[in-house]
Amino acid sequence: MYKTDILKEIEANLEATVRLLSEKIGPRSYKDLEKLNKTADYIEEKMFSFGCNVKRQSFIFTGNTYHNIIGELRGNKRSEILVIGAHYDTVPGTPGADDNASGIAGLLELARLNTLSPSSKTFRFVAFTLEEPPLFKTRHMGSYIYAKSLWKEKTKIEGMISLEMIGYYCDRKGCQYYPLHFFKWLYPEKGDFIAFVGNISSKAFTKRVKNAFHRTATLPVESLNTISLVPGVDFSDHSSFWDFGYPAFMITDTAFYRNPNYHTAGDEADTLDYKRMALLIYGLKSAFTPSPS
């Protein structure tokens with residue numbers, strides 16, 4: 001299959017998943033248990049259909065049961081485990097197309113592509129729940145519970161990558177904002193790139209993935225590894241892994257620094273750029289393993 005055909009297939013699959021989660025299922029907050037369970041079932045079924053070894057990590061919060069979904073693809077080097085994660089819950093009342101149906105769509109496509117051309121490393125594709133407020137930055141986040149379980153089991157991982165809002169792009173000068181004023185002198189004025197963002201301890205891991213991505217990807221990428229005091233650096237599931245000493249970073253369209261629909265009812269499927277999402281996912285797949293073409 002030619003690269004153009006692969007990209008079209010990835011693009012179609014990404015859009016189908018985003019539309020299913022944001023339109024057919026809809027808001028998926030911690031209060032929407034039925035919708036969260038439908039989403040968990042969908043993710044579990046997709047991972048199983050790809051050939052992943054699928055497990056549920058269930059836990060209780062305020063008397064209700066929530067689920068992380070873990071799909072593993074084992075490589076022939078058991079010492080190398082790469083965790084790729086995304087959260088599937090939303091802020092109450094929002095369809096969450098970019099935040100974070102886009103991340104889940106990317107997660108599932110990476111799982112599918114890696115079953116087509118397996119890697120030497122072991123992948124764990126993890127869909128987290130309870131990332132959004134009021135659980136954000138608490139020990140009740142699904143990612144915190146999963147990261148803690150790895151630490152308790154003394155599991156060694158190469159690192160963790162969080163797919164956190166990967167679908168919104170803008171090509172007008174000045175449409176991209178930054179947490180600190182001087183950043184505009186260092187980074188683009190247009191929101192036509194994807195960002196790799198982590199802490200200082202994760203710099204080597206971030207750079208390694210970014211360099212591999214650069215070799216094959218055509219989507220522009222910028223990176224930042226800095227202290228958590230910079231607003232937004234720790235605003236996703238990757239920060240849960242920092243708490244247990246694991247290197248981790250997020251891949252993001254920069255959320256509220258670019259997307260005006262962030263945490264609103266306007267975060268709809270029609271606002272996303274699926275062609276660029278496909279370029280991102282294809283680039284990541286090529287960075288991790290040989291291209292499926």
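Residues numbered from 1 in each chain as written. Predicted model: local features only at pLDDT ≥ 70, side-chain atom pairs only at ≥ 80, totals over all residues. Heavy atoms only, no water.

Trainee: I'd like to hear about helix H3 (residues 97-116), residue by residue, with values.
Mentor: A rise of 1.5 Å per residue sets the reference length of H3, with its 20 residues, at 28 Å; its end C-alpha atoms lie 27 Å apart and thus fit the reference within 8%. When you tally the buried positions in H3, you get 18 out of 20 residues, the bulk of the element. (Helix = DSSP H or I, 4+ residues; strand = E, 2+ residues; numbered from the N terminus. Expected span 1.5 Å × (residues − 1). Buried < 20%, exposed > 50% of the residue type's maximum accessible area, 1.4 Å probe, protein only.)

Trainee: Can you break down the pattern of salt bridges residue by residue, with the values?
Mentor: As enumerated under the stated definition, the model contains 16 salt bridges in all. Where Arg74 meets Glu72, a salt bridge forms, and the shortest distance between an N and an O atom there is 2.8 Å. For Glu72, a relative accessible area of 13% gives the class buried. Among the charged side chains, a salt-bridge network with shared partners connects Glu15, Arg19, Glu23 and Asp270. (Salt bridge = Lys/Arg side-chain N within 4 Å of Asp/Glu carboxyl O.)

Trainee: Got a sec to walk through the pairing of strand E6 (residues 194-198)? Specific residues and values, please.
Mentor: For E6, the tally of buried residues reaches five of five residues, placing the bulk of the element in the interior. Of the two faces of E6, the one holding Ile194, Phe196 and Gly198 and the one holding Ala195 and Val197 are both buried throughout. Here E6 pairs with strand E7 (residues 221-225) via five bridges, running parallel. Residue Ile194 lies in a different strand from E7, and its bridge partner there is Val221. After leaving E6, the chain enters helix H5 (residues 203-216) and then returns to the sheet as E7, a path that is right-handed. With four bridges joining them, E6 and strand E8 (residues 248-252) adopt antiparallel strand pairing. Looking at E8, one finds that Gly198 is bridged to Phe249. (Pairing = 2+ DSSP bridges. Right-handed = clockwise from strand over helix to strand, strands pointing away.)

Function-wise, these values are silent; they only describe arrangement.
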